[in-house]
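Coordinates in review
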Amino acid sequence: MSLRTKIQASLTCAVVAAATVMTTANPAAATGGTCGSGYNFLKSYPLKSIFTSTVPGDLSIYYSPSTGNNCAITRVRAAWDGKAQNVYVSLGDGRASYVVDPPTKSNKNYHYYAGPVYKYLKGKCVYTVGYLEYGGYEYSAHADGVHCG
């Protein structure tokens, strides 16, 4: 193998390794779901359980300044893709009006992500919940009264 070929192979490996680290380090870039163009990422909240330190997924919130809509997605982290059960997301204004995925009274059982769900919340605070089951444990994240305005 020539020196040039060895250098190209080394560079290719370095680029792939760097891309892998960048992808797994950012929960917002985890697999599945997107809010679409024009949505700005606001924050991710790790899904946690009181029984284990494992974090199998994240609840992410986005906002579109042009429409006034918020968007929420619950994503399973790559290591747990397809292994999680009952992935769920809800988004609302803290009152009775929430949008949920999967829909209420649905038999759907998501294994990768739930959402995106959208709600017009301009001038209001965001209330959202992400949930999933994995390895016999329930994990959730709650963001109540955040990103007001």
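Scroll up for the structure.
The notes below deal with the structure included here. These figures come from a predicted structure and were not determined experimentally. (Residues numbered from 1 in each chain as written. Predicted model: local features only at pLDDT ≥ 70, side-chain atom pairs only at ≥ 80, totals over all residues. Heavy atoms only, no water.)

With that settled, the discussion passes to the state of the cysteines. Tallied over the full model, the rule gives two disulfides. There is a disulfide in this structure between Cys 35 and Cys 71, and the S-S distance comes to 1.9 Å. Its S-S torsion of approximately -80° makes the covalent link between Cys 35 and Cys 71 left-handed. A residue pair is termed long-range when its members are at least 10 positions apart, and Cys 35 in the loop between helix 1 (3-25) and strand 1 (40-46) and Cys 71 in strand 3 (residues 69-76) qualify at 36 residues. In this pair, the class of Cys 35 matches that of Cys 71, namely buried. (Disulfide = S-S within 2.5 Å. Helix = DSSP H or I, 4+ residues; strand = E, 2+ residues; numbered from the N terminus. Buried < 20%, exposed > 50% of the residue type's maximum accessible area, 1.4 Å probe, protein only.)

The next point concerns the pattern of salt bridges. For the structure on display, the rule yields two salt bridges. Between Asp 58 and Arg 77 there is a salt bridge, and its shortest N-O distance comes to 2.7 Å. Here Arg 77 lies in the loop between strand 3 and strand 4 (85-92) and Asp 58 lies in strand 2 (residues 57-63), a separation of 19 residues in the sequence. By relative accessible area, Arg 77 is classed as partly exposed at 28%. The partner of Asp 93 in a salt bridge is Lys 124, with the nearest N and O atoms 3.7 Å apart. Taken together, the residues span a long stretch of sequence, with Asp 93 in the loop between strand 4 and strand 5 (98-101) and Lys 124 in the loop between strand 6 (113-120) and strand 7 (126-134) at a distance of 31 residues. (Salt bridge = Lys/Arg side-chain N within 4 Å of Asp/Glu carboxyl O.)

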